[in-house]
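Structural features, examined
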Amino acid sequence: MVGFVRDLGVDLGTANTLVYVEGRGIVLNEPSVVAVDRQTGRVVAVGAEAHRMLGRTPGHIVAARPLRGGVIADFTATATLLKALLQRAMPHRLGLRPRMVVCVPAGVTTVERRAVIEAGYEAGARKVYLVEEPVAAALGAGLDIHRPGGHLVVDVGGGTTDIAVLSLGGVVVGASVRVGGDAFDEAIVRHVKRRYNVLIGERTAEQAKIAIGTAVPPEADERFEVRGRDLVTGLPRTLHLTAAEIHEALEEPIGTLLAGLRAALERVPPELAADLVVGGLVLTGGGSLLRGLDRRIAEATGLPVVQPEEPLLTVALGTGAALGMLDRLAGVVVAG
């Protein structure tokens, strides 16, 4: 096996980066976070270790997410993150320079695409291919996107929600809404600040969202304890948030997501719209794990909603599927 090159699929997400290795499946799932020493430029930590440092570092160490809104905000940090995670995924074979399929949001610009391609080459790839996230999500969910029938995929990621209607191996209607799991967290932070004059961190908001967050009115009176800094006294303070107020806080970003979905559906050709009534909507991505989001989307669109068993892994599995059919995906996979 020495000298055998295993190609890679990478779901380079705002919140998490997943790596698929040909023949092995998903081998790595780490937060997209890098911690750097500003004085020396040395990388202190990446992935889960760096994520634990968020909001807890001394002045000379910066722990941050190099991707925002689904696109690269810090190219150097992104290349560093990608290189480190690929080294973990293939510690003895990275020097063999594999081919790499990387997912990008549906609405990225040419400049943003180029940044992802360059980051892939910087990480050691021999050839970099880009595939849009909803296409990868469809492949990961096992859909046959090459048949003459419509498939609607909604991928709710950390930074964006990508929407695509697929038919005959191509994207008929595509849209990207800058709303995802991060927007849900930020909405909770704003709500607590506005109502209680208390500032909480995004990690705390994420924990509250996971514990009691819901896209539909809650049926039980659940509560979750959060701690933050009182903006009036400057002292630490403990609060007990209810599921009802978390639901209220999430109404704005969920409304934006649904508005983007309805706008995309308005552009679907009539014949494909008829297919969607039968086939429904495939909902994937980590953000789709918000309780009740599938019900909320079904009520807003009138379409049946189906979720894969592992929504968080679907896009990464799709990059692996794309590796084996690059020739058939010429219309939707871009070679860099």
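Residues numbered from 1 in each chain as written. Predicted model: local features only at pLDDT ≥ 70, side-chain atom pairs only at ≥ 80, totals over all residues. Heavy atoms only, no water.

1. Details of the environment of Gly-159
Residue position: Gly-159 is located in the loop between β11 (151–156) and β12 (161–167). A relative accessible area of 12% places Gly-159 in the buried class. (Helix = DSSP H or I, 4+ residues; strand = E, 2+ residues; numbered from the N terminus. Buried < 20%, exposed > 50% of the residue type's maximum accessible area, 1.4 Å probe, protein only.)

2. Concerning the layout of surface pockets
To find leftover empty space, a probe the size of one water molecule is rolled over the atoms. Computed from the structure, the largest pocket encloses a volume of approximately 640 Å³. At the level of secondary structure, the elements contributing two or more residues to the lining of the largest pocket comprise β1 (8–12), β2 (16–21), β11, α5 (181–196) and α6 (202–212). Per-element accounting of the lining of the largest pocket gives the leading share, four residues, to α5. In terms of residue class, the lining of the largest pocket is built from 12 nonpolar, 14 polar and nine charged. (1 Å grid on protein atoms, 1.4 Å probe; cavity = no way out; pocket = protein on both sides within 12 Å on 5 of 7 lines; lining within 4 Å. Points joined across faces, edges and corners; volume = space filled by probe spheres on them. Nonpolar A, V, L, I, M, F, W, Y, C, P; charged D, E, K, R; others polar.)

3. As for the sheet that holds strand β16 (residues 236–242)
Reading across from one edge, β14-β15-β16 is the order of the three strands in this open sheet, with antiparallel pairing throughout. Single-partner strands in this sheet number two, and they are β14 (198–199) and β16. Two elements, β14 and strand β15 (residues 223–230), share two bridges in a ladder whose sense is antiparallel. By the bridge assignment for β15, Val-198 is matched with Asp-230. Strands β14 and β16 of the sheet are contacted by α5, whose axis makes an angle of about 110° with β16. (Pairing = 2+ DSSP bridges. Contact = heavy atoms within 4.5 Å. Axes fitted to C-alpha atoms, helices over the stretch in contact; angles between N-to-C directions.)

4. A closer look at the pairing of β2
Most of β2 is tucked away: five of the six residues are buried. Strand direction decides the pairing type here: β1 and β2, joined by five bridges, are antiparallel. Across the sheet, Asp-11 pairs through a bridge with Leu-18, a residue of β2. The antiparallel pairing of β1 with β2 creates a hairpin that spans three residues between the two strands. By the bridge criterion, six bridges tie β2 to strand β3 (residues 25–31) in an arrangement that is antiparallel. Looking at β3, one finds that Leu-18 is bridged to Asn-29. Here β2 folds back onto β3, and the loop between the two strands holds three residues, one of which, Gly-23, carries a positive phi near 85°.

5. Considerations on the pairing of strand β6 (residues 61–64)
Of the two faces of β6, only the one carrying Ile-61 and Ala-63 is buried; Val-62 and Ala-64 on the other face are not. Where strand β4 (residues 34–37) and β6 come together, four bridges link them in antiparallel fashion. For Ala-35, the partnering residue across the bridge sits in β6 and is Ala-63.

6. Some points on the sheet that holds β6
Spatial ordering of the open sheet is given by β5-β4-β6, a layout of three strands whose pairing is antiparallel. Since the sheet does not close on itself, it has two edges, and those belong to β5 (43–46) and β6, each with one partner. Each strand of the sheet is rotated relative to its neighbour by a mean of 15°, with strand direction disregarded. Along the sheet, helix α2 (residues 75–89) contacts β4 and β5; its crossing angle with β5, the most-contacted strand, is approximately 60°.

7. Some words on the environment of Gly-286
Of note, Gly-286 is situated in the loop between β17 (281–284) and α9 (293–301). The exposure class assigned to Gly-286 is partly exposed, which follows from its relative accessible area of 29%. Separated by 146 residues in sequence, Gly-286 and Gly-140 have C-alpha atoms that sit 14 Å apart.

8. Examining the UniProt feature "binding site: ATP" (unreviewed entry) in the protein chain
Sequence positions flagged by UniProt for "binding site: ATP" (unreviewed entry) are, in local numbering, Thr-14, Ala-15, Asn-16, Gly-158, Gly-159, Thr-160, Gly-286, Gly-287, Ser-288 and Leu-289. Cross-referencing the annotated residues with the lining of the largest pocket gives Thr-14, Ala-15, Asn-16, Gly-158, Gly-159, Thr-160, Gly-286, Gly-287 and Leu-289. Relative to the assigned elements, Thr-14 resides in the loop between β1 and β2. You can call Thr-14 buried: its relative accessible area is 4%. Residues in contact with Thr-14, not counting those within four places in the same chain, are Ser-32, Arg-65, Leu-67, Arg-68, Gly-69, Gly-70, Gly-158, Gly-159 and Asp-182. For Thr-160, a relative accessible area of 3% puts it in the buried group. Leaving out residues up to four positions away in the same chain, Thr-160 has contacts with Gly-69, Gly-70, Pro-105, Glu-133, Asp-155, Ser-176, Val-177, Arg-178, Val-179 and Gly-180. (UniProt positions renumbered as here; feature names shortened; annotations may be inferred.)

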